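Results of the structural survey
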Amino acid sequence: MEARSRGDFGSCSSSGASISGDVDNAAKIRPEVVLVGEVWGSAASRRSRGNRGIDDYSVSCTTFNILAPIYKRLDKEDQSQRESQYKTYWLSRNKRILDRLLAEKSSIICLQEVWVGNEELVGLYEKTLEDAGYVCFKLARTNNKGDGLLTALRRDNFRVLNYRELLFNDFGDRVAQLLHVESVLPFWHSWQRNVRQEFLIVNTHLLFPHDYRLCIVRLHQVYKILQYVESYQKEHKLNPIPIILCGDWNGSKRGRVYKFLRSQGFVSSYDTAHSYTDSDADAHKWVSHRNHRGNICGVDFIWLLNPNKSRKPLKTSWNESVFSTIKYFLHEASMSEEDAFAFLKAGSHGDYITYSTFCEALCQLHLSGHPCGLSAEEIQDLWEHADATRDGVVNYAEFQRRIWNQDEAEVEEETADEDQNCDREGLSMGFDVKNAALFPPEAEKGMWPENYSLSDHAPLTVIFSPVRVPCTQPIC
């Protein structure tokens, strides 16, 4: 994956200045203004009046796949008819989208499927959002796909400390944006300094699973994002700060991407706000997308990771997620536990799996052996995870424990030990999910209204309140 920190790629501001990867330079061209208070215009914030004090400084975030006109089909019978061919249609719809976004008055806006290949439409979004007080960052998908991402932040909310672009250079030509931001107005005054809120924002749009075998690509894309976030934190020697991941994840609560992020301590903000669990019973309580096949599902998420959240090592979560995918494929092939073990050890001279038979099985499952598959290094990591005894083979007991019956339980909801390398107060800044709402409201009931025409996705808005949490050690 390629990461760019050049600010002249995809940034726009009312001053016309570009954002560089250098923190000091970025800070110089950003107005030092205060964080906005409650966001009175949004559906979510109207439900969340309450305590004053630190709660006044709420931060709102909207994620919305706005359906690029080049993908919007106008005729079910004639798939070649696209909205992009009719300016009156796409211009009218996108003006209504902008009206909706301005009515929400969110502090942060993360858009996907922005038609970045059309200068007029991009200009409309840039000018409208700039005039409303936002600074924008846009990023096209690689290989001239025509659409991309746009992230907008209110200039009177945040100082942008750094901006990075992540190019996956994979099968789906997907990309992601990472912004390191800081509020200017302190949330409270400590004994030695003013405490401002720093956090990381990621905006992305994962691959659509046209083929079940592509699920490993989407999982890979999330792994790359988390690897880069971890790398960025190490590079800049950051103290523990919240991480917010926004976008269209093209997978539901029952998918591997959801479980992977949960194992890393992330929570789905919408589900948290509505007290929904990870159980199958709550998996379809809400929807956010009706795809081109007519299926409705919840795929748009705003994920939150607080700095005090306990989580597994990233590589461990990744290995477990891949083995869960392997098990799923074998289940789909109607294999029992014994059949699966026999498949993985096929060609072995003993009652065990060898590295060569393991590699061959991955190829047969289409998880390796092609550009979008697992790399040699990742396969080696998987093997080392499975070979618990380090004797060069995986016996039946190891297969059961490390592959077939591995613990897929959700990460425990617990805070970290406070007796770690904290500051004198032993506290860090985090976020509490105050409220969340989908539009149209029918989506919150698991239904999709026929008269909704803004997009084939529902915008999701979440309100966060800053909270003080026990700090943890920086990633090292």
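Here, every reference points to the structure presented above.
The numbering scheme is per chain: residues are counted from 1 as the chain's sequence reads. Whole-chain, interface and lining totals are the exception, using all residues; otherwise, since this is a predicted model, local features are given only for residues with pLDDT of at least 70 and side-chain atom pairs are given and counted only at 80 or more. Think of the side-chain values as coming from all heavy atoms in the structure, minus any hydrogens and water.

A few points about the layout of surface pockets
Quick note on the threshold: Space inside and on the surface of the protein is sampled on a 1 Å grid over the protein atoms alone, with a cavity defined as a set of points where a 1.4 Å probe fits but cannot get out and a pocket as an open set with protein on both sides within 12 Å along at least 5 of 7 lines; lining residues have an atom within 4 Å of a point. Grid points are joined across faces, edges and corners, and a volume is the space filled by probe spheres set on the points. Ten residues, namely Ala, Val, Leu, Ile, Met, Phe, Trp, Tyr, Cys and Pro, are considered nonpolar, four, namely Asp, Glu, Lys and Arg, are considered charged, and the remaining ones, Gly among them, are considered polar. The secondary structure listing takes helices from DSSP runs of H or I that are at least 4 residues long and strands from runs of E that are at least 2 residues long, numbered from the N terminus.
Here the largest pocket is characterised by a volume of approximately 1100 Å³. Residues that form the lining of the largest pocket fall into these classes: nine nonpolar, 13 polar and 15 charged. Size it by volume and the second largest pocket reaches roughly 650 Å³. As for the second largest pocket, its lining consists of 22 residues, and the residues nearest its centre are P209, R218, G251, S252 and G255. Breaking the lining of the second largest pocket down by element, the ones donating at least two residues are α5 (215–235), α6 (256–263) and α8 (314–332). Among the residues making up the lining of the second largest pocket, the classes are represented as seven nonpolar, nine polar and six charged.

A closer look at α5
Convention followed: Expected helix span is taken as 1.5 Å per residue step, with the number of steps being one fewer than the number of residues. Think of it in three bands: residues with accessible area under 20% of the maximum for their type are buried, residues over 50% are exposed, and the middle band is partly exposed, with areas taken using a 1.4 Å probe on protein chains only.
Between its terminal C-alpha atoms α5 stretches 30 Å, which fits the 30 Å expected from 21 residues at 1.5 Å a residue. Judged by how many residues are buried, α5 sits mostly within the fold: 16 of 21 residues are covered. Following α5 by one or two positions, K237 adopts a phi angle in the positive range, close to 50 degrees.

Points about helix α10 (residues 355–364)
Convention followed: Contacts are residue-level and defined by heavy atoms, with any inter-residue pair within 4.5 Å sufficient.
Restricting attention to buried positions, one finds in α10 the residues T357, F358, C359, A361 and L362. Buried positions along α10 lie against α8, α9 (337–344), β17 (353–354) and α11 (376–386). Just downstream of α10, H366 is the residue with a positive phi angle, here 60 degrees.

Examining the pattern of salt bridges
Counted only if it meets this: Counted as salt bridges are all cases of a side-chain nitrogen of Lys or Arg within 4 Å of a carboxyl oxygen of Asp or Glu.
The final tally for this structure, using the stated rule, is 18 salt bridges. Put simply, E83 and R93 hold a salt bridge, and the shortest N to O gap is 2.7 Å. Of this pair, E83 sits in the loop between β3 (59–65) and α3 (87–104) while R93 sits in helix α3; the two residues are 10 residues apart in sequence, bridging distant segments of the chain. Each member of the pair, E83 as well as R93, carries the same accessibility label: buried. Of the charged contacts, one joins R154 and D156 as a salt bridge, the two residues approaching to 3.0 Å between their closest N and O atoms. The class of R154 is buried, set by a relative accessible area of 17%. For D156, a relative accessible area of 29% gives the class partly exposed.

Honestly, that's just the spatial picture; any functional story needs more than this.
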